[in-house]
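# Structural overview for review
Residue-level listing of the chains:
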Amino acid sequence: MAVLVALGAFLMTLAGGWTAQRVTDRRHLVLGLAGGLMLGVVGLDLLPEALAAAGTEVFGVPAALLLFVVGFLLAHLVERLLAVRQAAHGAEEVTGRAPEVGLTAAAAMVGHSAMDGVAIGAAFQIDDGMGVAVALAVIAHDFADGFNTYTIASVYGNARRKALAMLFADAAAPVLGAASTTFVTIPEPLLGGYLGFFAGALLYLAAAEILPEAHHQHPARSTVLCTIAGAAFIWLVVGLAS
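This section reports on the structure supplied with the text. (Residues numbered from 1 in each chain as written. Predicted model: local features only at pLDDT ≥ 70, side-chain atom pairs only at ≥ 80, totals over all residues. Heavy atoms only, no water.)

## Quick notes on the packing of helix 2 (residues 27–53) against helix 8 (residues 221–241)
Note the following rule: Orientation is described by axes fitted as lines to C-alpha atoms, over the contacting stretch for helices, and by angles from 0 to 180 degrees between their N-to-C directions. In this text, helices come from DSSP runs of H or I with a minimum length of four residues, and strands from runs of E with a minimum of two, each type numbered from the N-terminal end. Helix crossings are classified by the rotation of the near helix relative to the far one: an anticlockwise turn of less than a right angle makes the crossing left-handed, while a clockwise turn makes it right-handed. Here, residues are in contact when the closest pair of their heavy atoms is within 4.5 Å. Under the grouping applied here, Gly and all other residues not named as nonpolar or charged are polar, the nonpolar ones being Ala, Val, Leu, Ile, Met, Phe, Trp, Tyr, Cys and Pro and the charged ones Asp, Glu, Lys and Arg.
Relative orientation of the contacting elements helix 2 and helix 8 amounts to 35°, with a least axis distance of 7 Å. Considering only the axes of helix 2 and helix 8, their crossing is right-handed. Counting all contacts with helix 2, which are made through His28, Leu29, Gly32, Leu33, Gly35, Gly36, Leu37, Gly40, Val41, Leu44 and Asp45, the residues of helix 8 involved are Ser222, Thr223, Cys226, Thr227, Gly230, Ala231, Phe233, Ile234, Trp235 and Val238. Looking at the contact of helix 2 with helix 8 residue by residue, the class counts come to 11 nonpolar, nine polar and one charged.

Pasting the structure below:
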């Protein structure tokens, strides 16, 4: 049952990626919306779940928030190191960004989607009602995941085929994650720590890369409205799922 339900997440992820690649003539609006979706996922979905799951503290700070900061700083460090390496090899930076950063970030999205599938499977192990509720929440925000995965991979200058490959990997990840729960169970504190870490990396990409790029050549009011709409959409999804 969990695997069958996860197929809905597969289709929604592909729908999100398809939408992202079809609106290239309004790229600034796509990026503005992606930034809002990422912000909403971090603040309204990932962090609350991480704090609830990883309730322990490390030197007076919740472990999930500590890993959130670590994720943010690590994303910044990885981007700087890759940019320096690219410059040292004399590569021409058309977009000013290292393509490896986009692939790394997209791979993190794939990992997050796999954990979504694990969450579906774990919920079904408790009872069908909880499984359906969790599955609906995952399916609803997997549209945003697919949208963001394709956008992040492509905005860093990766070829379309690579962005599509990461999109399909992200779509398949929830199905594989749900299937894995028939063999293994992940401890809740570990899952919470991962969510916190991933939230930090995602926030860095949204605040330091996606949104500045959205306003670089089109500092329009419509871009800001798309960002607000993206965050509001995640709020609506979280509210309906709770």
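## Some details on helix 1 (residues 2–22)
Because each turn of an α-helix spans 3.6 residues, side chains separated by three or four positions end up pointing in the same direction. Test applied: A helix is expected to span 1.5 Å for every residue after the first. Burial status follows relative accessibility: with a 1.4 Å probe on protein chains alone, a residue under 20% of its type maximum counts as buried, one over 50% as exposed, and anything between as partly exposed.
Under the 1.5 Å per step criterion, the end-to-end length of helix 1 is 31 Å for 21 residues, consistent within 8% with the ideal 30 Å. When we look at burial in helix 1, the residues that qualify are Ala2, Val5, Ala6, Ala9, Thr13, Leu14, Gly16, Gly17, Ala20 and Gln21.

## A look at the packing of aromatic side chains
For clarity, the threshold we go by: Only Phe, Tyr and Trp rings take part, Trp by its six-membered ring, and two of them pair if their centres are within 6.5 Å. Stacked means planes under 30 degrees apart, edge-to-face means over 60, and tilted covers everything else.
Counted under the stated rule, the structure contains two aromatic pairs. When the ring of phenylalanine 72 is compared with that of tyrosine 204, the centres are 5.2 Å apart and the planes differ by 85°; the resulting orientation is edge-to-face. Of this pair, phenylalanine 72 sits in helix 3 (residues 63–88) while tyrosine 204 is found in helix 7 (residues 188–216), placing the two residues 132 residues apart along the sequence. Assessed through its relative accessible area of 29%, phenylalanine 72 is described here as partly exposed. Classification of tyrosine 204 by relative accessible area gives buried; the value is 6%.

## Quick word on the nonpolar core
We count it as follows: For this analysis, a nonpolar core means a set of buried residues of the types Ala, Val, Leu, Ile, Met, Phe, Trp, Tyr and Cys, connected via side-chain atoms within 4.5 Å.
The biggest cluster of nonpolar side chains holds 45 residues, and the ones touching the most others in it are Met38, Leu46, Ile152, Leu202, Leu205 and Ile210. Residue assignment for this core shows that the elements contributing at least two residues are helix 1, helix 2, helix 3, helix 4 (99–126), helix 5 (128–155), helix 6 (160–180) and helix 7. With residues near it in sequence (within four places) discarded, leucine 202 still touches Met38, Val41, Val42, Leu46 and Met109. In terms of nonpolar packing, the next biggest core, distinct from the first, is built from 11 residues, Ala9, Phe124, Ala135 and Val138 among them.

## Some points on helix 6
How we decide: We define the bend at any residue as the angle between the axes fitted to the seven residues before and including it, ending there, and the seven starting there.
Under the 1.5 Å per step criterion, the end-to-end length of helix 6 is 30 Å for 21 residues, consistent within 8% with the ideal 30 Å. Bending of helix 6 peaks at approximately 30° at the position of alanine 173, with proline proline 174 no more than four residues after it. By the burial criterion, the buried members of helix 6 are Ala163, Leu164, Met166, Leu167, Asp170, Ala171, Ala173, Pro174, Val175, Gly177 and Ala178.

## Structural notes on the packing of helix 1 against helix 6
The condition is simple: Here the angle decides the label: under 35 degrees means roughly parallel, over 145 means roughly antiparallel, 65 to 115 means roughly perpendicular, and every other value means oblique.
In the contact formed by helix 1 and helix 6, the axes pass within 7 Å of each other and the chain directions differ by 160°. Our classification of the angle between helix 1 and helix 6 gives roughly antiparallel. Two packed elements cross with a definite hand, and for helix 1 against helix 6 that hand is right-handed. Of the residues in helix 6, those in contact with Ala2, Val3, Ala6, Leu7, Ala9, Phe10, Thr13, Leu14, Gly17, Trp18 and Gln21 of helix 1 are Arg160, Leu164, Leu167, Phe168, Asp170, Ala171, Ala172, Pro174, Val175, Ala178 and Ala179. Across the contact of helix 1 with helix 6, the residue classes break down as 17 nonpolar, three polar and two charged.

## So, the side chain of aspartate 116
Our working definition: Working convention for charge: Lys and Arg count positive, Asp and Glu count negative, and His plus the chain ends are omitted. Here, a salt bridge means any side-chain nitrogen of Lys or Arg that lies within 4 Å of a carboxyl oxygen of Asp or Glu.
Relative to the helices and strands, aspartate 116 is located in helix 4. One buried charged residue, aspartate 116, forms no salt bridge at all, with the nearest opposite charge on arginine 160 at 23 Å. Discounting residues that sit within four places of it in the chain, aspartate 116 has contacts with Val138, His141, Asp142 and Asp145.

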